[in-house]
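# Overview (structure and organization)
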Amino acid sequence: MKILALDLGQSSIGWIIRNTDNEGEEGENQFEKFGVITFDKGVGEEKNIEYSLAAERTKYRSARRLYQSRKYKLWETLKKLKVKDFCPIDEQALIEWTTYDKHKGLKRKYPTWDINFENWIKLDFNGDNVPDFDSPYQLRKVLAENQLDFNIAENRYKLGRALYHIAQHRAFKSSKKVKLEEDEKDTTDVGAEHKKKENLKKEFEKIGILFDENKTIGQLLAEAEMFFKERGYGRIRNELHPYVTRKMLQQEVEQILKFQFGDKWVEKFKDIFGVEKVSKCSIFWQRPLRSQKSAVGKCTLEKSKYRCPVSHPQFEIFRAWSFINNIRYKLPGQDEWKELTIEQKQKLYQDEFIKASDFTVSNIRKWLIKELQQNISLNYSDKTNVSGSPSIYYLSKILGNDWQTHQIQHEPIIRIKKSNNTVKYTSNKNYYTYEDLWHVAFQLDDEEEIKNIARNKFKFNDEQIELYLRFFKNMAVDYARLSLKAIKNINYFLQKGLIYTDAVLLAKIPEILCKSYNSETEKLLIDSLQKIIEQNRTKKQVVNITNNLISEYKINHFHERDFDYQIQSDDINRITQKCEEFFGKSKWEQLTPEEQTNIIENVKSEFQSFFKDTKREYKKLPKLMDDLKQYLKDNFGFLMIKNSINYIIHQPLIFIQNLQKETKHRTENFIYKALKRVHGKTLWLCAFWRNFVN
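Presented here is an overview of the structure given in this document. (Residues numbered from 1 in each chain as written. Predicted model: local features only at pLDDT ≥ 70, side-chain atom pairs only at ≥ 80, totals over all residues. Heavy atoms only, no water.)

### A few points about the overall build of the protein chain
Looking only at helices and strands, the protein chain features 29 helices and 16 strands. The buried share of the protein chain, taken over its 694 residues, is 38%. Taking contacts inside the protein chain between residues at least 6 apart in sequence as the whole, the part at least 24 apart equals 59%. Approximately 42700 Å² of the protein chain is accessible, and the part contributed by carbon and sulfur atoms is 48%. (Helix = DSSP H or I, 4+ residues; strand = E, 2+ residues; numbered from the N terminus. Buried < 20%, exposed > 50% of the residue type's maximum accessible area, 1.4 Å probe, protein only. Contact = heavy atoms within 4.5 Å. Areas by Shrake-Rupley, 256 points an atom, 1.4 Å probe, with all protein chains shown as cover.)

Below is the structure:
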């Protein structure tokens, strides 16, 4: 029989073939062939320093995508300006610059042959080969201060060139979700934009120019440019433009258009760019960021599911009820801790936990004092912080107390299914739920877009829109440890009053039992759960005491080779002593004689089985989940067969066993698949195995 052994390394795989049919006589060697296959590392190396090849590749790819996005924005802006004659570019030149077809061999060409476009770029609007302005900033200053007649083509080209210049340098935009507390009262500047504006003011103060907010940013930069030119300073683009924000440029476009077209500027702007809002036009277009959902961790219970955002209403229910079910109180003069009734828990949740902000346990204690009409002690400090439920708070304000079942009706959505023959079909869903509202607020960053959806899709009034925006702004950006599916399963049992650990044990059972799960089954499970937990706890106590006795054996090694040894009276005395030490003398004496006898007999049985074990190993602690599975099998029989048996196989062991059994063809295929799971470098495996078996 031939055996193949593999040694998997970081950048190599060693192999050796052993023929066990060779008896090892003189001249015969069982090791017939051996060797090492090496391959490139997964990292680069320069000056003995390793670096990630993927990071280097990603860096250049990100730059290419940035350039690509910038080109698309400028091309779209030029197309809009060309249609309304605000740019003199030739139609064919624009097509050649924006068209690429690999199969037809068409490559993009910058229109150097288009003289009119070249003069337009160089700020030469009258065609005398002399720029009419020193820079685009000076042109923007003129447009903000002097009204022009746009019936003249030259003046239209000036406005188009200024808009194109702004599109080339559209500046920085911060996320609406990232804002500072001190910016709450400032409705025009938020987040990083506010900081950049303050830094720009400081730069203007350094050069002695007043930062007049009544002027456009183009006017201010034009003045600063003249100052720089007189004193031989650097370029505006390098020194000041990095501090310009996108909002400043949007305001400049609006001011220029208002100054030139008066009250009809919105109509004129819409006629050119097809939208009413400046922020939505192609000048300020921004490609949406790629979804980072794949970077979110996986659930600790549902391994295939992603973790749930903490802003989801179901997670807020989970967080609140996990806390409520752990609350215990003690009445004056009593030592016994009491649990709230399910009715008290539900009322406490409605009265105290549905809040937009966090609160402390002192609020809960005051509520209980009022509810019970007497002073109490809690198992939490009054200063303990408790998380509120802002998502549920705002959803209940918008949709009402029935927010979980509330439906916003709409026309059925017509979707297009793409296939060989395009087919239109109508979705059965004709309503929005609270999850749709949450999803929109969670996914989008643009406040204006959220307003439009709230008004046009959800049909909210002004008050509801205001509440929806607050909901959006107060949405936390973080993730829980569990998936939404796991949380929903657990919430069902949490709201029945079970603590978190018990709810987790039962969470999956309704899905396993399917149609056989009903109210009677649920009651039986909940009533039996504490008994199962208690039995498991008792088993663990017995195993722990037994392991203490085994530890003594490991030191003394008495009856080491005697596998037929029977427990003697001295051993029983030692067992009794260990039981008393484990529980403590006072607690051991509180047990009834019957309970003491049961524990001693169980320990005796476990310790006796230890001597019959040839390996003489420690006893393994019983798992609560295994006991629960056994209970389900005993009580529900055939219903558990499909769902409760888990095959856990060690892949290397199976690989070796099958290598000896499989036929030549099947083994070749098996090695490829098995090693593909074990190691990333698999391209050579098929060819290597063919050479080996031949």
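Once you've had a look at it, read on.
### Considering the environment of Asn489
For Asn489, the location among the structural elements is in helix H18 (residues 484-494). When the C-alpha positions of Asn489 and Leu506 are compared, they lie 8.6 Å apart, and in sequence the two are 17 residues distant.

### Remarks on the sheet that holds strand E10 (residues 377-378)
With antiparallel pairing, the three strands of this open sheet are ordered in space as E8-E7-E10. The strands lining the two open edges of the sheet, one partner per strand, are strand E8 (338-339) and E10. Looking at chain direction, strand E7 (residues 328-330) and E10 are connected through two bridges and run antiparallel. From the neighbouring strand, Tyr329 faces E10, where its bridge partner is Leu378. (Pairing = 2+ DSSP bridges.)

### Let's talk about the packing of aromatic side chains
Applying the stated criterion across every chain, the model contains 33 aromatic pairs. Relative to Phe261, the ring of Phe150 has its centre 5.0 Å away and its plane inclined at 25 degrees; by these criteria the two rings are stacked. Of the two residues, Phe150 is situated in the loop between helix H4 (136-145) and helix H5 (153-168) and Phe261 in helix H9 (residues 246-261); the sequence distance between them amounts to 111 residues. A ring pair is formed by Trp438 and Phe442, whose centres lie 4.8 Å apart and whose planes are at 15 degrees; its orientation type is stacked. Here Trp438 pairs with Phe442, and both are found in helix H15 (residues 434-443), just four residues apart, close to one helical turn. Among the aromatic residues, ring-to-ring pairing joins Tyr72, Trp75, Trp97, Tyr110, Phe117, Trp120 and Tyr164 into one connected group. Sitting over the ring of Trp120, Arg161 keeps its end group 5.8 Å from the ring centre. The ring of Phe359 has Lys355 sitting right over it, with the charged end atom 5.0 Å from the ring centre. (Phe/Tyr/Trp six-rings, centres within 6.5 Å; stacked < 30°, edge-to-face > 60°. Lys NZ or Arg CZ within 6 Å of the ring centre and 35° of its normal.)

### With respect to the nonpolar core
Nonpolar side chains in soluble globular proteins tend to be buried together. Of all hydrophobic cores here, the largest spans 77 residues; its most connected members are Tyr349, Phe353, Ile364, Phe458, Phe460 and Tyr468. The greatest single-element share of this core, amounting to seven residues, is contributed by helix H11 (residues 313-324). Judged by nonpolar contacts, the second largest core, of 55 residues, contains Leu81, Leu94, Ala144 and Val278. (Core = buried A, V, L, I, M, F, W, Y, C linked by side-chain atoms within 4.5 Å.)

### Section: a positive patch on the surface
On the surface, a cluster of positive charge is made up of Arg57, Arg61, Arg64, Arg65, Arg287 and Arg290. Here Arg61 lies in helix H1 (residues 53-83). Under the relative-accessibility criterion, Arg61 is labelled partly exposed at 30%. (Patch = residues over 30% accessible without salt bridge, like charges linked within 9 Å, V, L, I, M, F, W, Y side chains within 5 Å. Salt bridge = Lys/Arg side-chain N within 4 Å of Asp/Glu carboxyl O. Lys, Arg positive; Asp, Glu negative; His and termini not counted. Charge placed at Lys NZ, Arg CZ, Asp CG, Glu CD.)

### Re unusual backbone geometry
Of note in this structure, Asn48 is not a glycine but carries a positive phi near 65 degrees. Relative to the elements of secondary structure, Asn48 occurs in the loop between strand E4 (43-46) and strand E5 (49-52). The phi dihedral of Gln373 is positive, around 60 degrees, even though this residue is not glycine. In this fold, Gln373 is placed in the loop between helix H13 (361-372) and E10. Classification of Gln373 by relative accessible area gives exposed; the value is 67%.

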